[in-house]
Amino acid sequence: MPSRPLTAATTTGPAIVWFRQDLRLADNPALVAAASGGRPVIPVFIRDTTDRLRPMGGASRWWLHHALAALRDALKRRHGLDLLLLSGDPATLLADLVRHTGAAAVCWNRLYEPAAIHRDTAIRSLLKEAGVTVETCNAGLLYEPWTVQTRAGGWFRVFTPFWRACLAGGGPAAPAPAPKHVAIWDGQPEGEQLEDWALLPQQPDWAGGLRESWQPGEAGAAARLAAFLDAALAGYADGRDRPDREATSRLSPHLHFGEIGPRQVWQAVQMHVAQHGGDAAKFLAELGWREFSHHLLYHFPDLPQRNFRDSFDAFPWQEDAGLLRSWQRGRTGYPLVDAGLRELWATGWMHNRVRMIAASFLVKHLRLHWREGEAWFWDTLVDADAASNAASWQWVAGSGADAAPYFRIFNPVVQGERFDPAGSYVRRWLPQLEKLPDKFIHKPWAAPAAVLRDAGVTLGRDYPAPIVDHDRARKAALAAFATLRNDAGEATGES
Ligand code: FAD
């Protein structure tokens, strides 16, 4: 690009809209701001190749490719705009783009991860000093982290009062209307090709299950929401803990990449309830947990690395690459745990109840650090999210804010019998156990030899024997926990 000084920003030039985790046209206030007054718009997505942000995991990269392809198509189809793709340092690239196009404004929707906040604040100052108008907006959250405060003006560490405070204001703002017309800027430079970014896995191509399971993009998100409202919202409060049913929305990756905004989900739910009746409080509270996770990450930026409760700093974690590998690959010998990890590997998603059980198994039965599990989820989840992943792992480990107490140790057999009573979830992901009777589907090791033989299962060959004994692992976990300065209550229960 030919160089002009950055100070050459004009007041009549186009507006750049910098897409990030807001890959949609509807309810996109940055796009609305950029297009206001009929100003021509340059839509850009930048692959940040600096080492400032945590690199995306493989499943997220797969999703991003398809989400960008969908956005590129939607911008072209709806407004005739070309999505400009650039790689490098966003600070340099945006400054160059302003210079090259004489852009008068740069607009983006805010992110809440500490490193992104740091980067974006610096970019904002740089552009403003050069006389460029910078408009930043909220597209990703119902309530931004600094707007929800305790009576004393602090931040919340417990979910229930946090959510009560959120709701006290009378519900979130309405979604932003999509701009009807967005003008094209003729002088837009050539960008890169999405296909050259190599976001998709090549050899091997492990994404077959992801392709079968998901339709990334704004249209896919809208279809998913509509299907959920029609089929599952009414039974959500009862069904949400059942991995054997399609009872949750599966909106998490769409929300993470901003193909749909939480305000849109909120509004659609309210409208559905107004028309059809029912109670959506439980579902909306789950959106609340997403908000709470962002609140925690914003106010405790080390959440992905550091124990929220520092008493856990002294926890005697084990290091065992073999145990970690068995867990990652779904070879623990506990069917519900293994089914979950195989669902994750195949589809990039795992049911929330099974996430809790699989995570608890890693940190309590195996006593491996929650950061190992967080990292595996980061790489394999299509909804991998810095806030929700770290907050949830710390919640399960007991080291987090408003966390499950460490001494509550899930029994994967009891959990399986309760939440997958006919074993259909386990059978789906572990077909080698398909013929086991329901009675033993969650504990194959307890089946008599004849039953195993009839089901065609040889433990150790078709399916592993348990890598740890539940009772012994539980006692060892409680003993390890007892070595901590106990700020989490008395050790007792099992569930
Ligand atoms: P639904 O039940 O339909 O809920 C609607 C939406 O609410 C979800 O899409 C999600 O955005 C939000 N939500 C629901 N439950 C939670 C929760 N407990 N915490 C935060 N937000 C929630 N969720 C992620 O989006 N990204 C992650 O990286 C992530 N990692 C997790 C790790 C562990 C160990 C655990 C136990 C949970 C994790 N979760 C994460 C939370 C939760 O499991 C998923 O959000 C949920 O399973 C997504 O499925 P759904 O869209 O069908 O959820």
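The coordinates are above.
Each chain has its residues counted from 1, running along the sequence as written. Where totals are concerned, whole chains, interfaces and linings use all residues; where local detail is concerned, this predicted model gives features only for residues with pLDDT of at least 70, and gives and counts side-chain atom pairs only at 80 or more. Note: side-chain values were computed over all heavy atoms of the structure, leaving out hydrogens and water.

J.: I'd like a description of empty space enclosed by the protein, backed by residues and values.
T.: Here the term cavity refers to a set of points on a 1 Å grid, laid over the protein atoms alone, in which a 1.4 Å probe fits but cannot get out; the term pocket refers to an open set having protein on both sides within 12 Å along at least five of seven lines, with lining residues being those that place an atom within 4 Å of a point. Grid points are joined across faces, edges and corners, and a volume is the space filled by probe spheres set on the points. The tally for this structure, following the rule as stated, stands at one cavity of 30 Å³ or more. The calculated volume of the largest cavity comes to roughly 200 Å³. Gln 21, Leu 111, Tyr 112, Gly 140 and His 294 are, among the 19 residues lining the largest cavity, the residues nearest its centre. Secondary structure follows DSSP: runs of H or I at least 4 residues long count as helices, runs of E at least 2 residues long count as strands, and numbering of each begins at the N terminus. Mapped onto the lining of the largest cavity, the elements with two or more residues apiece are helix 9 (252–256), helix 11 (281–299) and helix 16 (386–397). Charged means Asp, Glu, Lys or Arg here, nonpolar means Ala, Val, Leu, Ile, Met, Phe, Trp, Tyr, Cys or Pro, and polar covers whatever is left, Gly included. When the residues that make up the lining of the largest cavity are grouped by side-chain class, the tally is seven nonpolar, six polar and six charged.

J.: Describe in detail the nonpolar core, supporting the description with residues and values.
T.: Put simply, a nonpolar core is a bunch of buried Ala, Val, Leu, Ile, Met, Phe, Trp, Tyr and Cys residues held in one set by side-chain atoms that sit within 4.5 Å of each other. When a residue's accessible area, from a 1.4 Å probe over protein chains only, is under 20% of the maximum for its type it is buried; when over 50% it is exposed; and in between it is partly exposed. The biggest cluster of nonpolar side chains holds 97 residues, and the ones touching the most others in it are Trp 163, Val 265, Val 269, Trp 327, Leu 341 and Phe 377. At eight residues, the largest contribution of residues to this core is made by helix 14 (residues 352–365). Contact partners of Trp 163, with chain neighbours within four places excluded, come to Leu 142, Tyr 143, Trp 266, Leu 284, Ala 285, Gly 288 and Glu 291. Grouped together as the second largest cluster of nonpolar side chains are 38 residues, Leu 25, Leu 68, Ala 74 and Cys 137 included. Note on contacts: a residue pair qualifies if any of its non-hydrogen atoms lie within 4.5 Å across the two residues.

J.: Tell me about the packing of helix 13 (residues 335–347) against helix 15 (residues 370–380), and please be specific about residues and values.
T.: At a closest axis distance of 9 Å, the pairing of helix 13 and helix 15 adopts a crossing angle of 35 degrees. Where helix 13 approaches helix 15, its residues Leu 341, Leu 344 and Trp 345 are matched on the opposing element by Trp 376, Phe 377 and Thr 380. Here the contact of helix 13 with helix 15 is composed, by residue class, of five nonpolar, one polar and no charged. Note on definitions: angles span 0 to 180 degrees between N-to-C directions of axes, and those axes are lines fitted to C-alpha atoms, for helices only across the stretch in contact.

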